[in-house]
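Descriptive structure summary
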There are 2 protein chains.
Amino acid sequence: MNSNEVIQFISKQKTAIIASVNEEGYPVARAMLSPRKIVGKDVYFSTNTSSNKVKQYLDNPKACIYFYKRGRFKYQGVSITGTMQVCEDQPTKDMIWRFGDTLFYKKGVTDPDYCVLKFTCEQAEYYCDFKVEKIKFD
Amino acid sequence: MNSNEVIQFISKQKTAIIASVNEEGYPVARAMLSPRKIVGKDVYFSTNTSSNKVKQYLDNPKACIYFYKRGRFKYQGVSITGTMQVCEDQPTKDMIWRFGDTLFYKKGVTDPDYCVLKFTCEQAEYYCDFKVEKIKFD
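Here we summarise the structure given alongside this text.

**Remarks on the overall build of chain A**
A tally of regular secondary structure across chain A gives 3 helices and 8 strands. The N-to-C order of helical and strand elements in chain A reads α-β-β-β-β-α-β-β-α-β-β. Compactness check: chain A gives a C-alpha radius of gyration of 15 Å against a globular reference of 14 Å for 138 residues, within 12% of the reference. Referenced to the eigenvectors of the C-alpha coordinate spread, the extents of chain A come out at roughly 45 × 35 × 30 Å. Looking at chain A residue by residue over its 138 residues, the buried ones come to 33%.

Right, here's the structure in full:
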């Protein structure tokens with residue numbers, strides 16, 4: 001698998017797991033809706049500015065995003081490490097906004113509690129059939 | 001949700017996500033089969049001694065296990081931080097071993113590439129309907 005195939009694989013999955021490192025140095029994982037947009041090796045998510053993960057990424061941008069597909073006979077997973085940037089600028093918020101988001105962010109696209117997480121892929125590990133493959137993003 | 005309810009919730013899910021912190025300080029998440037056994041606040045998994053996660057947990061035992069249930073109308077997730085111990089002693093390996101495991105560990109229950117990960121829960125965050133609840137394990 002090369003980095004383009006990794007991007008193709010993750011763009012098909014419905015759930016993303018994202019991980020951060022908290023104040024005490026523990027990893028913290030949680031599920032997210034699938035990425036809103038993927039541009040090159042940048043993967044965009046929307047989230048609440050007030051959430052714990054935003055605090056954690058502002059303190060420590062080291063991050064991981066993980067996607068998996070559990071088929072009947074085959075399990076595939078890809079764990080990508082990289083950095084997570086918290087974007088509160090209006091152009092980025094505009095780019096990611098979708099109709100219906102006011103359900104989550106009452107004040108609309110300028111809601112201060114709406115922000116964007118931009119993950120930049122650095123390297124990936126692809127797991128399939130008990131084998132691991134390492135992939136670099138250039 | 002209290003700590004007993006957290007244990008009940010996680011014991012019903014088929015996939016666990018476990019996270020570690022790697023040598024460069026990045027969080028790393030990956031899926032695992034559901035826990036083999038849960039005793040009090042100790043959650044047991046089986047794995048390959050040669051895997052990256054074993055190396056990472058020996059260097060840094062800080063860990064997270066995450067479980068989620070994506071229903072039709074409701075999303076529930078629980079992220080538990082705690083410590084991960086790598087157990088290579090025979091009594092623990094015997095306790096976790098199941099018929100059929102020779103498929104993964106050719107040499108059987110004494111296979112040096114078979115070991116046990118024992119996660120001890122410290123605290124949890126339970127996510128449901130856009131709310132977060134913190135739970136302590138005593």
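Structure shown, so let's carry the discussion forward.
**A few points about the relation of the copies chain A and chain B**
Each copy superposes on the other: chain A lies on chain B with an RMSD of 0.0 Å after a rotation of 180 degrees and an axial shift of 0.0 Å. The two molecules are tied by a two-fold rotation axis, judged by turn and shift. Taking C-alpha positions as the reference, the residue of chain A nearest the rotation axis is A:P27, at 2.8 Å. A share of 100% of the interface residues of chain A reappears at the interface of chain B, consistent with the copies meeting face to face through the same patch.

**Some thoughts on the interface of chain A and chain B**
When the parts come together, some accessible area is lost, and that loss is often what is quoted as the size of the interface. Each partner contributes to the interface: chain A provides 22 residues, whereas chain B provides 22 residues. Breaking the side of chain A that touches chain B down by element, the ones donating at least two residues are β1 (15-21), β2 (27-33), β5 (62-70) and β6 (75-87) of chain A. With 6 residues, the top contributor of residues to the side of chain A that touches chain B is β5(A). Classifying every residue of the side of chain A that touches chain B gives 13 nonpolar, 6 polar and 3 charged.

**Focus: the environment of A:G77**
Note on placement: A:G77 falls in strand β6. Judged by local crowding, A:G77 falls into the buried class, with 22 C-beta atoms found within 10 Å. Separated by 48 residues in sequence, A:G77 and A:E125 have C-alpha atoms that sit 8.2 Å apart. Ignoring any residue separated from it by four or fewer positions in sequence, one finds A:G77 in contact with A:Y66, A:Y68, A:Y127, B:R30 and B:A31.

**A closer look at the pairing of strand β7 (residues 114-128) of chain A**
Residues and elements named next belong to chain A. Sheet analysis places strand β4 (residues 42-48) next to β7, joined by 7 bridges and oriented antiparallel. Counted as the bridge partner of S46 is V116 from β7. Pairing geometry for β6 and β7, over 12 bridges, is antiparallel. Paired with T81 across the strands is Q123, a residue of β7. Across 6 bridges, β7 lies against strand β8 (residues 131-136) in antiparallel orientation.

**Quick notes on the pairing of strand β6 (residues 75-87) of chain B**
Residue and element names in this part refer to chain B. As paired strands, strand β5 (residues 62-70) and β6 are joined by 9 bridges and run antiparallel to one another. Bridging from a neighbouring strand, Y66 pairs with S79 of β6. A loop of 4 residues connects β5 with β6, the two strands running antiparallel in sequence.

Basis of the calculations
- Residues numbered from 1 in each chain as written.
- Chains lettered and ligands numbered in written order.
- Predicted model: local features only at pLDDT ≥ 70, side-chain atom pairs only at ≥ 80, totals over all residues.
- Helix = DSSP H or I, 4+ residues; strand = E, 2+ residues; numbered from the N terminus.
- Rg over C-alpha atoms; globule rule 2.2 N^0.38 Å.
- Buried ≥ 20, exposed ≤ 12 C-beta atoms within 10 Å, placed from the backbone.
- Least-squares fit on C-alpha atoms with pLDDT ≥ 70 in both.
- Contact = placed C-beta atoms within 7 Å.
- Nonpolar A, V, L, I, M, F, W, Y, C, P; charged D, E, K, R; others polar.
- Pairing = 2+ DSSP bridges.

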